[in-house]
Amino acid sequence: MLLDRVKEVSKSRGLSLKEVALKANIGENSIYAWKNREPSVAILQKVADVLNVSTDYLLGRTNQMNSYDSKDKTTDIDDDTLIMAFDGKPIPDEEREKLLDYARYIMSQKKEK
């Protein structure tokens, strides 16, 4: 179940398991080994962070991908670690910067009023 969930979410994010592992700073083929053994809590958390889901979701304990309240989706647009996605797929860095620039422009206009 764990490996299946990781595969499913990785695919929806446009990432291979190898790419997820590299982004999580774990062995590039280590996720494949989860078919036969469970990862440590620390490794599982790293993968969950890369995929922007909860560890409970990956473990099949919940069907809610994130543990935060869906009504509170605020974030700081100046946060360099902000992950932006549309339709479950990450927005490329160039488009992400354009969106952030526009958001900053809107916010500066509000401050001037």
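Right, let's walk through the structure included here. (Residues numbered from 1 in each chain as written. Predicted model: local features only at pLDDT ≥ 70, side-chain atom pairs only at ≥ 80, totals over all residues. Heavy atoms only, no water.)

1. Some details on the overall build of the protein chain
When its secondary structure is counted, the protein chain shows 5 helices and 2 strands. Sorting the 113 residues of the protein chain into buried and exposed places 27% on the buried side. Contacts spanning at least 24 positions in sequence make up 42% of the contacts within the protein chain whose residues lie at least 6 apart. Total accessible area computed for the protein chain in this model is approximately 8,300 Å², and 50% of it derives from carbon and sulfur atoms. (Helix = DSSP H or I, 4+ residues; strand = E, 2+ residues; numbered from the N terminus. Buried < 20%, exposed > 50% of the residue type's maximum accessible area, 1.4 Å probe, protein only. Contact = heavy atoms within 4.5 Å. Areas by Shrake-Rupley, 256 points an atom, 1.4 Å probe, with all protein chains shown as cover.)

2. A look at the layout of surface pockets
Estimates place the volume of the second largest pocket at around 160 Å³. Around the second largest pocket sit E38, P39, S40, V41, L44, Q45, T55, L59 and R61, which together line it. Per-element accounting of the lining of the second largest pocket gives the leading share, 3 residues, to helix α3 (residues 41–51). (1 Å grid on protein atoms, 1.4 Å probe; cavity = no way out; pocket = protein on both sides within 12 Å on 5 of 7 lines; lining within 4 Å. Points joined across faces, edges and corners; volume = space filled by probe spheres on them.)

3. Description of the packing of helix α1 (residues 2–12) against α3
As a packed pair, α1 and α3 sit with axes 10 Å apart at the nearest point and diverge in direction by 25°. Relative to α3, the element α1 is oriented roughly parallel. Classified by chirality, the crossing of α3 by α1 is left-handed. In this structure, α1 uses L2, V6, V9 and S10 to contact α3, whose residues at the interface are L44, V47 and L51. Residue composition of the contact of α1 with α3, grouped by class: 6 nonpolar, 1 polar and no charged. (Axes fitted to C-alpha atoms, helices over the stretch in contact; angles between N-to-C directions. Parallel < 35°, antiparallel > 145°, perpendicular 65-115°, else oblique. Left-handed = near helix turned anticlockwise from the far one by under 90°. Nonpolar A, V, L, I, M, F, W, Y, C, P; charged D, E, K, R; others polar.)

4. Considering the nonpolar core
Core analysis: the biggest nonpolar cluster contains 19 residues, and V6, I31, W34, V47, L51, V53 and L58 have the highest contact counts within it. For this core, the secondary-structure elements that each account for two or more residues are α1, α2 (17–23), α3 and α4 (55–58). Setting aside residues no more than four positions away along its own chain, L58 makes contact with M1, L2, R5, V6, L44, V47, A48, L51 and V53. (Core = buried A, V, L, I, M, F, W, Y, C linked by side-chain atoms within 4.5 Å.)

5. So, α3
What α3 keeps buried is the set L44, V47, A48 and L51. The buried residues of α3 occupy one face: seen down the axis, they fall within an arc of 100°. Contacts made by the buried residues of α3 are with α1, α2 and α4. Count one or two residues on from α3 and you reach N52, which has phi positive near 60°. (Arc of directions from axis to C-beta.)

6. Observations regarding the packing of aromatic side chains
Following the criterion strictly, the structure yields 1 aromatic pair and no others. It is R5 that lies over the ring of Y57; its NZ or CZ is 4.1 Å from the centre. (Phe/Tyr/Trp six-rings, centres within 6.5 Å; stacked < 30°, edge-to-face > 60°. Lys NZ or Arg CZ within 6 Å of the ring centre and 35° of its normal.)

7. Side note on the environment of A33
Positionally, A33 belongs in the loop between α2 and α3. Owing to a relative accessible area of 24%, A33 belongs among the partly exposed residues under this scheme. Between the C-alpha atoms of A33 and L3, which are 30 residues apart in sequence, the distance is 8.9 Å.

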